[in-house]
Amino acid sequence: MRREDLRGTWAMEREAEWPSTRWEELVQQALEYGLESADSIRDRSISLFDRELNSFSGGGQFMGALFLEDMRTLGGQDVAIVRVPLDCGTTYRSGTRWGPQAIRRISLLGTGYNPSLGVDLVESLNMVDVGDVNVIPANIEKSFDQIAKAVSFIHEQAVFPIILGGDHSIGYPDIRGLAPHIDGNIGIIHFDRHADISEYEMDERMHGTPWFHATNIPNAPPTNLVQIGVGGWNQPRDWYSNSRDRRTTIMTMEDIDRFGIDRVAEYALDIAWKEAKCVFLSFDIDCLDPAFAPGTGTPEPGGFLPREVLSLLQLVTREGLAGMEVVEVSPPYDVADVTALLASRVIMNVLGTLVVNRKLGRIPPADDARYP
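Scoring rules and cut-offs
- Residues numbered from 1 in each chain as written.
- Predicted model: local features only at pLDDT ≥ 70, side-chain atom pairs only at ≥ 80, totals over all residues.
- Heavy atoms only, no water.
- Helix = DSSP H or I, 4+ residues; strand = E, 2+ residues; numbered from the N terminus.
- Rg over C-alpha atoms; globule rule 2.2 N^0.38 Å.
- Buried < 20%, exposed > 50% of the residue type's maximum accessible area, 1.4 Å probe, protein only.
- Contact = heavy atoms within 4.5 Å.
- Pairing = 2+ DSSP bridges.
- Axes fitted to C-alpha atoms, helices over the stretch in contact; angles between N-to-C directions.
- Phe/Tyr/Trp six-rings, centres within 6.5 Å; stacked < 30°, edge-to-face > 60°.
- Lys NZ or Arg CZ within 6 Å of the ring centre and 35° of its normal.
- Core = buried A, V, L, I, M, F, W, Y, C linked by side-chain atoms within 4.5 Å.
- Parallel < 35°, antiparallel > 145°, perpendicular 65-115°, else oblique.
- Nonpolar A, V, L, I, M, F, W, Y, C, P; charged D, E, K, R; others polar.
- Salt bridge = Lys/Arg side-chain N within 4 Å of Asp/Glu carboxyl O.

Visitor: So what about the overall build of the protein chain? Which residues, and what values?
Guide: The number of helices and strands found in the protein chain is 12 helices and 11 strands. The C-alpha atoms of the protein chain give 21 Å as radius of gyration, which agrees with the globular expectation for 372 residues (21 Å, within 12%). Its C-alpha atoms give the protein chain principal-axis dimensions of roughly 70 × 55 × 40 Å. When the 372 residues of the protein chain are sorted by exposure, 55% land in the buried category. Residue pairs at least 24 apart in sequence account for 76% of intrachain contacts in the protein chain once pairs closer than 6 positions are excluded.

Visitor: Please provide a residue-by-residue account of the sheet that holds strand 5 (residues 127-132), values included.
Guide: Two orientations exist for strands paired in a sheet by backbone hydrogen bonds: parallel and antiparallel. Overall, parallel pairing links the nine strands, which are arranged 1-5-2-6-11-10-7-8-9 in an open sheet. On the outer flanks of this sheet lie strand 1 (66-67) and strand 9 (249-252), each paired with one strand and no other. The sheet contact formed by strand 10 (residues 276-284) and strand 11 (residues 323-327) spans five bridges and is parallel. Bridging from a neighbouring strand, S282 pairs with E325 of strand 11. Sheet contacts for helix 12 (residues 338-356): strand 2 (79-84), strand 5, strand 6 (160-165), strand 10 and strand 11; angle to strand 11, the most-contacted strand, approximately 165°.

Visitor: Go over the packing of aromatic side chains, please, and point to the residues and values.
Guide: One pass over the full model with this rule turns up three aromatic pairs. Taken together, a centroid distance of 5.6 Å and an interplanar angle of 80° make the contact between F144 and Y172 edge-to-face. Taken together, the residues F144 in helix 5 (residues 140-156) and Y172 in helix 6 (residues 171-178) connect sequence positions 28 residues apart. Y172 gets classed as buried once you look at its relative accessible area, which sits at 10%. Following the ring pairs from residue to residue traces out a cluster consisting of F191, F283 and F304. A cation sits over an aromatic face here: R7 above W10, 3.9 Å from the ring centre. Taking NZ or CZ as reference, R93 lies 3.7 Å from the ring centre of Y333, over its face.

Visitor: An account of the environment of Y333 is requested, with residue identities and associated values reported.
Guide: Mapping Y333 onto the fold places it in the loop between strand 11 and helix 12. On the basis of relative accessibility, which here comes to 31%, the residue Y333 falls in the partly exposed class. Setting aside chain neighbours within four positions, we find Y333 in contact with R93, S94, P294, G295 and T296.

Visitor: Lay out the nonpolar core in plain terms, naming residues and giving numbers.
Guide: In terms of nonpolar packing, the biggest core is built from 60 residues, with I189, F191, I228, F283, F304 and L351 touching the most fellow members. Setting aside residues up to four positions removed in sequence, L351 forms contacts with V79, L121, L125, M127, F160, I162 and L360. Counting 38 residues, the second largest nonpolar core, distinct from the first, contains L68, L74, I147 and I170.

Visitor: Report on the side chain of T353, specifying residues and quantitative values.
Guide: Summarising the element assignment, T353 is placed in helix 12. Assessed through its relative accessible area of 2%, T353 is described here as buried. Apart from residues lying up to four places away in sequence, T353 is in contact with L117, Q314, T317 and R318.

Visitor: Got a sec to walk through the pairing of strand 7 (residues 185-191)? Specific residues and values, please.
Guide: With six of its seven residues buried, strand 7 lies for the most part within the structure. In terms of strand pairing, strand 7 meets strand 10 through seven bridges, oriented parallel. Its bridge partner being in strand 10, I189 is matched across the sheet by L281.

Visitor: Lay out the packing of helix 3 (residues 99-107) against helix 12 in plain terms, naming residues and giving numbers.
Guide: Two numbers describe how helix 3 lies on helix 12: the axes approach to 8 Å, and their chain directions differ by 70°. Between helix 3 and helix 12, the angle falls in the class roughly perpendicular. On helix 12, the residues touching A102, I103, I106 and S107 of helix 3 are A340, L341, A343, S344, R345, I347 and M348. Of the residues contributing to the contact of helix 3 with helix 12, the split by class is eight nonpolar, two polar and one charged.

Visitor: Summarise the pattern of salt bridges; cite the residues concerned and give the values.
Guide: Pairing of side chains with opposite charge becomes possible as their charged atoms draw close. Across all of its chains, the model carries 13 salt bridges by this definition. For D129, the salt bridge identified is with R83, shortest N-O distance 2.5 Å. A residue pair is termed long-range when its members are at least 10 positions apart, and D129 in strand 5 and R83 in strand 2 qualify at 46 residues. Exposure remark for R83: the relative accessible area of 7% places this residue in the buried category.

Visitor: Let's hear about helix 1 (residues 7-15): which residues, and what values?
Guide: For helix 1, the full list of buried residues reads T9, W10, A11 and R14. Those residues of helix 1 that are buried are in contact with strand 3 (113-114).

Visitor: How would you sum up the environment of L31? Please name residues and give values.
Guide: Note on placement: L31 falls in helix 2 (residues 21-34). Measuring from C-alpha to C-alpha, the distance between L31 and A291 comes to 42 Å, with 260 residues separating the pair along the chain. Ignoring any residue separated from it by four or fewer positions in sequence, one finds L31 in contact with E36, R44, S45, I46 and S47.

Visitor: I'd like a rundown of the environment of M253, residues and numbers included.
Guide: Looking at the element boundaries, M253 is found in helix 9 (residues 253-259). Sequence spacing of M253 and F304 is 51 residues, and the spatial spacing of their C-alpha atoms is 7.7 Å. Other than its neighbours up to four places away in sequence, M253 contacts R193, G229, V230, G302, G303 and F304.

Here you go:
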């Protein structure tokens, strides 16, 4: 083993290639907006009122991204964070309406820089937080209409949407909002311990039904739906008869153990991208073992370890995405914010992967032979 062969040495060298332009602009803006600090403060980059990207007080937006107050100005940005505080599609333990708030808050624990990927999200991406979709808690169908229209608007402006749920019923309107903007088929890569493909639950479309209805959309065929991590004891049998009839692809945790992450990723990409123009990522936090993600409505032991799922995400998103959702974070059942923290890291890892594979944002010139 030599020091020059270590990934850590590569990370140190790579850091020097990133500019600090965006960071410096944000520091200056925070000083101007937040006013000059007290005379006793030696670090004059600290403002009087907290307007910083990563703030001690918790801030308001995901990763401190600027809040876009006027939605008419959306367009030209790389990423829009949109929050969907919905849990009227929950069948057992409610609380996912608080998920977007928890993910947003704990995301400020991150700086946006990852040495293993060699990427700085603040420098490479123009991100805005567009706030919450106004859902209708007493009417899930009207909520679906609101969500689909909101997601459609973001796609219409050619901005990459990151959708913070909310329960998994939002998977259906998220695809419904994307579909009109894609001239061809949509592939769906879905991480979950549950197949979520019932036609109805309790006589309604709920969080166990998104993929039955999403794959009824003409350009989101079920043959391009691949579901990863499914298993356990909370599985209605009709999910599997529906999946069999529609010829979806289910990869259980046993498949992952048997074939390994690299082969699973390769097969998932083959299924999702077959004759498709784009792929959408749906990530249900309950795909992780509840030892690591207790804050969810339907925990199922035996799921992913965090390191496994983060590695797999880097492999299945390297070809690019049209958007992503992270769902089923339920803070009332969380411990020390660990579930919300994992959700935020899922998002950051996916964004970092898209950047380093030149699918989104900008990256400094690099020697491709050295760059992953």
